[in-house]
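# Structure assessment
Given next are the chains, with one letter for each unit.
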Amino acid sequence: MPLSKLNKEQYTAATAPFGHNLVIASAGTGKTSTIVARIAHLLNLGVLPEKILLLTFTNKAASEMIERLERYFDKKITAKVTAGTFHSVSYTLLKSLNKGVILKQPGELKILLKSLVERRKFHHLSDVKPYGGAYLYDMYSLYQNSVSDISFADWIVQKSDEQGVYAEIYEDVLEEFESEKRKFSYADFNDLLINMRNELKNNAQINYDEILIDEYQDTNTLQGSLISAFKTKSIFCVGDFDQSIYAFNGANIEIIGSFKDRFLDANIYALNVNYRSSSSILALANKVISNNPRLYEKNLIVSREGNFKAPTLLVYNELFEQYVNIADIISLSPFSRQNIAIIFRNNSSADGLEVALKERGISSKRKGGISFFESREIKALVDIMGVVINPKDIMAFIHICEYAKGVGSAVSKELFDALVKLGHGSLVEGLLNPDENVNIQSNKRRNYQLGLFDDIDEFADVSRFSSLKFSDKFLSHPILKMQKLSENGAIFLYEIYNFLLRAKRITRPTSLINEIRDSKIYELIVQNIATKRATLKNGNVDPSLFNEAKERIMRKSVVLAELSKNYHDMEKFYNFITLGSNEMSEGEGVSLLSVHASKGLEFDQVFIVDLAQNRFPNLKLMSMGGSLEEERRLFYVAVTRARNELYLSYAKFDKIKKINYQPSCFLIEAGMAKAGI
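Residues numbered from 1 in each chain as written. Predicted model: local features only at pLDDT ≥ 70, side-chain atom pairs only at ≥ 80, totals over all residues. Heavy atoms only, no water.

An unreviewed UniProt entry lists the protein chain under the name DNA 3'-5' helicase, with Campylobacter californiensis as the source organism.

Right, here's the structure in full:
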């Protein structure tokens with residue numbers, strides 16, 4: 001039975017008396033085994049399986065626990081245990097009560113709210129731009145998750161003084177929104193919890209002998225209120241306040257922190273035996289996290305015996321040197337690629353690492369951020385390269401033209417076909433040296449059934465572009481006669497033309513990338529991408545976010561240029577980039593993980609990179625509502641992913657940003673570095 005395999009602390013917790021029980025399960029101490037054993041203990045006591053409720057943060061976690069239980073109990077018994085996420089359990093219970101709801105995704109309900117917002121008048125009250133429907137929905141969702149004691153109008157005033165003038169209108173719109181949802185039985189994820197909580201107030205038939213809650217430190221105010229609404233004899237909460245890292249998503253650490261105050265009869269248990277990490281890794285983690293307030297007593301000890309390498313600090317002069325050297329260490333690592341992880345706080349760190357690993361033929365998979373090679377800015381840059389290297393690459397040309405206003409894929413294909421005709425098979429020649437004797441009008445005949453919607457080639461006078469600052473040679477280009485070519489499209493095409501004039505003489509990949517980076521065509525693409533990334537949910541473009549987005553985009557292009565320095569042949573480098581990019585985010589290999597994505601995982605060898613002050617801890621995110629305590633918890637989570645070997649690293653200088661760095665305060669707290677060095 002599961003209980004026979006437990007240590008003394010796990011057994012004591014798993015067999016706790018009914019009541020208000022909190023288990024502080026530190027990293028690697030057997031949390032899942034203890035929860036499974038607790039359910040087994042309840043069943044052995046004669047508790048009916050249908051009187052047991054298990055709430056988890058992923059359905060996968062619930063499934064794994066039930067599967068473990070099935071090793072000891074018949075599936076007919078385990079199937080009666082209610083297990084799943086807060087949302088899936090609420091949905092199932094509401095359906096069982098014939099409380100029909102039609103679950104709608106946020107995107108759909110944002111459209112509904114938007115239609116209600118657009119009917120209201122705001123601007124007569126203030127010059128401040130009011131929230132759009134989509135942004136108001138997100139703010140309302142955050143309010144529902146994090147607040148229970150004040151109205152939405154009062155909450156908005158607290159969040160933003162300048163929006164306070166619209167607070168009563170917002171509240172009125174949201175009342176109408178709720179009325180519309182009730183009319184059609186629509187519900188989003190928050191509604192499931194709210195509806196379930198309201199149902200529990202008046203429904204005595206839903207009751208459990210015990211409710212078990214996993215990852216208790218990550219519960220938000222709404223989830224906490226739902227737990228309180230359930231009628232139960234006992235709750236069994238398992239979590240670790242040192243691993244509470246989701247405050248940005250509404251998690252409220254006060255829920256686990258106030259447990260002993262809210263329940264005066266509370267039993268607090270601690271799992272202190274770590275089965276994962278070596279003693280030196282665990283000592284480092286404990287030394288740093290002890291600088292956070294101790295909500296409950298913890299005395300972690302290690303169970304693993306043997307000689308393990310002590311955590312190693314790697315210090316580099318320059319950022320990219322750090323990534324290259326880590327890739328070199330991994331190339332010689334005795335551990336399998338699947339048991340190695342590189343953990344980062346900022347997505348920009350992963351870009352350089354991904355490139356360095358790829359160059360050494362080391363497969364990797366990335367979680368917690370878009371793969372470097374799959375990012376829009378790198379794909380666009382590589383597509384521009386593709387047009388130079390292969391003038392018959394229609395997809396590269398179409399992808400580039402996606403960034404031109406008023407030029408869709410259909411027009412892009414027609415432009416490509418016409419230019420290839422003008423260049424006798426070469427797009428580049430068709431743009432730079434068109435054969436004006438070639439007829440670029442297609443031979444297809446009008447389909448009279450399609451009438452006005454038939455696509456036929458029509459030509460217009462190029463004088464419509466005479467006001468634009470085109471060179472005389474380009475202004476006489478036959479492609480400008482195409483009627484479907486808009487003014488924005490013509491400007492975009494002209495910048496491709498100018499770029500190709502300069503690029504046709506380039507032979508080295510690094511020079512070509514630098515030429516692309518400096519080109520007007522790439523500037524237009526960067527402007528497009530940065531604008532989208534800096535557009536707020538209320539429709540405004542934030543100037544500071546726009547500049548930051550541009551800087552990150554250009555930083556990626558510098559990383560690609562660094563990689564290209566090892567190649568002299570343009571085509572070899574292009575093939576290297578295009579043929580293997582997908583394997584960076586799929587399949588087997590070294591795991592590239594954000595700290596949040598690493599939670600719950602473990603690896604034989606772990607690298608935590610860019611441990612420089614301002615980067616980790618991330619002072620920018622701290623200034624936006626985070627805290628040093630949460631950053632320290634993130635460091636603790638990252639360190640405790642390591643089983644056998646741990647490498648910590650940072651670079652003193654970033655040559656792209658021209659910034660000097662000091663070691664992270666966490667390295668100083670760990671005794672591995674000194675301030676000012």
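More follows now that the structure is in view.
Turning our eyes to something else, we now look at the overall build of the protein chain. A count of helical and extended segments in the protein chain gives 30 helices and 20 strands. Projected onto its principal axes, the C-alpha coordinates of the protein chain cover approximately 90 × 65 × 50 Å. Taking all 677 residues of the protein chain together, 53% fall into the buried category. For the protein chain, long-range pairs separated by at least 24 residues make up 75% of all intrachain contacts whose partners lie at least 6 apart in sequence. Taken as a whole, the protein chain presents about 30900 Å² of accessible surface, with 50% of it coming from carbon and sulfur. Counting 84 positive and 81 negative side-chain charges, the protein chain places the averaged centre of each group 2 Å from the other. (Helix = DSSP H or I, 4+ residues; strand = E, 2+ residues; numbered from the N terminus. Buried < 20%, exposed > 50% of the residue type's maximum accessible area, 1.4 Å probe, protein only. Contact = heavy atoms within 4.5 Å. Areas by Shrake-Rupley, 256 points an atom, 1.4 Å probe, with all protein chains shown as cover. Lys, Arg positive; Asp, Glu negative; His and termini not counted. Charge placed at Lys NZ, Arg CZ, Asp CG, Glu CD.)

Counted according to the given criterion, the structure contains 37 salt bridges. The partner of Arg-633 in a salt bridge is Glu-630, and the shortest N-O contact between them spans 3.1 Å. Taken together, the residues span about one helical turn, with Arg-633 and Glu-630 both in helix H29 (residues 628-639) at a distance of 3 residues. One exposure class covers both Arg-633 and Glu-630, and it is buried. Salt bridges sharing partners connect three or more residues here, namely Lys-31, Asp-214, Glu-215, Asp-218 and Lys-599. (Salt bridge = Lys/Arg side-chain N within 4 Å of Asp/Glu carboxyl O.)

Our focus in this paragraph is the packing of helix H18 (residues 394-401) against helix H19 (residues 409-422). Packing of H18 against H19 brings their axes to within 9 Å, and their N-to-C directions diverge by 130°. Considered as vectors, H18 and H19 are oriented oblique to each other. Between H18 and H19 the crossing geometry is right-handed. Residues Ile-394, Phe-397, Ile-398 and Cys-401 of H18 form the contact with H19, whose own contacting residues are Ser-409, Ser-412, Lys-413, Leu-415, Phe-416 and Leu-419. For the contact of H18 with H19, a count of residues per class yields 7 nonpolar, 2 polar and 1 charged. (Axes fitted to C-alpha atoms, helices over the stretch in contact; angles between N-to-C directions. Parallel < 35°, antiparallel > 145°, perpendicular 65-115°, else oblique. Left-handed = near helix turned anticlockwise from the far one by under 90°. Nonpolar A, V, L, I, M, F, W, Y, C, P; charged D, E, K, R; others polar.)

The subject of this paragraph is the sheet that holds strand E17 (residues 603-608). Pairing is parallel across the open sheet formed by 6 strands, whose spatial order is E13-E18-E17-E14-E16-E15. Of all strands in the sheet, those with a lone pairing partner are strand E13 (312-316) and strand E15 (364-367), marking the two edges. Adjacent strand axes in the sheet meet at a mean angle of 20° when their direction is disregarded. In terms of strand pairing, E17 meets strand E18 (residues 642-651) through 5 bridges, oriented parallel. Counted as the bridge partner of Phe-603 is Ala-642 from E18. (Pairing = 2+ DSSP bridges.)

A few words on the sheet that holds strand E9 (residues 235-239). The strand order across the open sheet built from 6 strands is E3-E2-E7-E9-E1-E10, with neighbouring strands paired in parallel fashion. Taken across any chain shown, the strands that pair with only one partner, and hence form the sheet edges, are strand E3 (82-85) and strand E10 (267-271). Ignoring which end each strand starts from, the neighbouring axes of this sheet average 15° apart. Here 4 bridges tie strand E2 (residues 52-56) to E3, and the two strands are oriented parallel to one another. Counterpart to Leu-55 in the pairing with E3 is Gly-84.

Time to look at the nonpolar core. By size, the foremost hydrophobic cluster in this structure holds 94 residues, and its most contacted members are Ile-342, Leu-493 and Leu-560. Ranked by residue count, the leading element in this core is helix H22 (residues 487-503), at 9 residues. The contacts of Ile-342, once residues within four sequence positions are left out, are Ile-326, Ile-330, Leu-353, Leu-357, Val-590, Ser-591, Leu-592, Leu-593, Phe-607 and Val-609. Ile-343, Val-595, Phe-603 and Val-639 belong to the second-largest nonpolar core, a separate cluster that totals 36 residues. (Core = buried A, V, L, I, M, F, W, Y, C linked by side-chain atoms within 4.5 Å.)

Attention now moves to helix H15 (residues 319-331). With 13 residues, H15 should reach 18 Å at 1.5 Å per residue; the first-to-last C-alpha distance of 19 Å fits that figure. Every buried residue belonging to H15 is among Leu-319, Phe-320, Gln-322, Tyr-323, Ile-326, Ala-327 and Ile-330, and all of these are buried. Seen end-on, H15 carries its buried residues on one side only, within an arc spanning 155°. Put simply, Glu-318 is the residue that caps the front of H15, since its side-chain oxygen is 2.6 Å from the backbone nitrogen of Phe-320. (Expected span 1.5 Å × (residues − 1). Arc of directions from axis to C-beta. Polar contact = N/O pair within 3.5 Å; in protein donor to acceptor, adjacent residues only side chain to side chain.)

All right, on to unusual backbone geometry then. Omega for the peptide link from Phe-616 to Pro-617 comes to 15°, which places this bond in the cis form. Tracing the sequence through the fold places Pro-617 in the loop between E17 and helix H28 (619-623). For Asp-610, which is not a glycine, the phi torsion comes out positive at approximately 55°. As for its placement among the helices and strands, Asp-610 is situated in the loop between E17 and H28. Phi at Asn-614 takes a positive value of approximately 90°, unusual for a residue other than glycine. With respect to the helices and strands, the residue Asn-614 is situated in the loop between E17 and H28. Here Asn-614 falls in the partly exposed class, since its relative accessible area comes to 40%.

Turning our eyes to something else, we now look at the side chain of Gln-243. Mapped onto the elements of the fold, Gln-243 is located in the loop between E9 and helix H12 (253-257). Not counting residues up to four positions away in its chain, the partners in contact with Gln-243 are Ala-25, Ser-26, Ala-27, Gln-217, Asp-218, Lys-599, Arg-633, Tyr-636, Val-637 and Arg-641.

A word on the UniProt feature "binding site: ATP" (unreviewed entry) in the protein chain. UniProt annotation of "binding site: ATP" (unreviewed entry) refers to Ala-25, Ser-26, Ala-27, Gly-28, Thr-29, Gly-30, Lys-31 and Thr-32 when read in the numbering used here. Judged by relative accessible area, Gly-28 falls into the buried class, the value being 15%. Those residues in contact with Gly-28 that lie beyond four places of it in its chain are Val-273, Asn-274, Tyr-275 and Arg-276. Relative to the helices and strands, Thr-29 is located in the loop between strand E1 (20-25) and helix H2 (31-44). What makes Thr-29 buried here is its relative accessible area of 1%. Not counting the four nearest positions on each side in its chain, Thr-29 is found in contact with Gln-10, Leu-271, Asn-272, Val-273, Asn-274, Tyr-275 and Leu-300. (UniProt positions renumbered as here; feature names shortened; annotations may be inferred.)

Further remarks concern the pairing of E18. Along E18, 9 of the 10 residues are buried, which leaves the element largely enclosed by surrounding structure. Pairing of E13 with E18 involves 5 bridges; the strand directions are parallel. Opposite Val-315, over in E18, you have Tyr-650 as the bridge partner.

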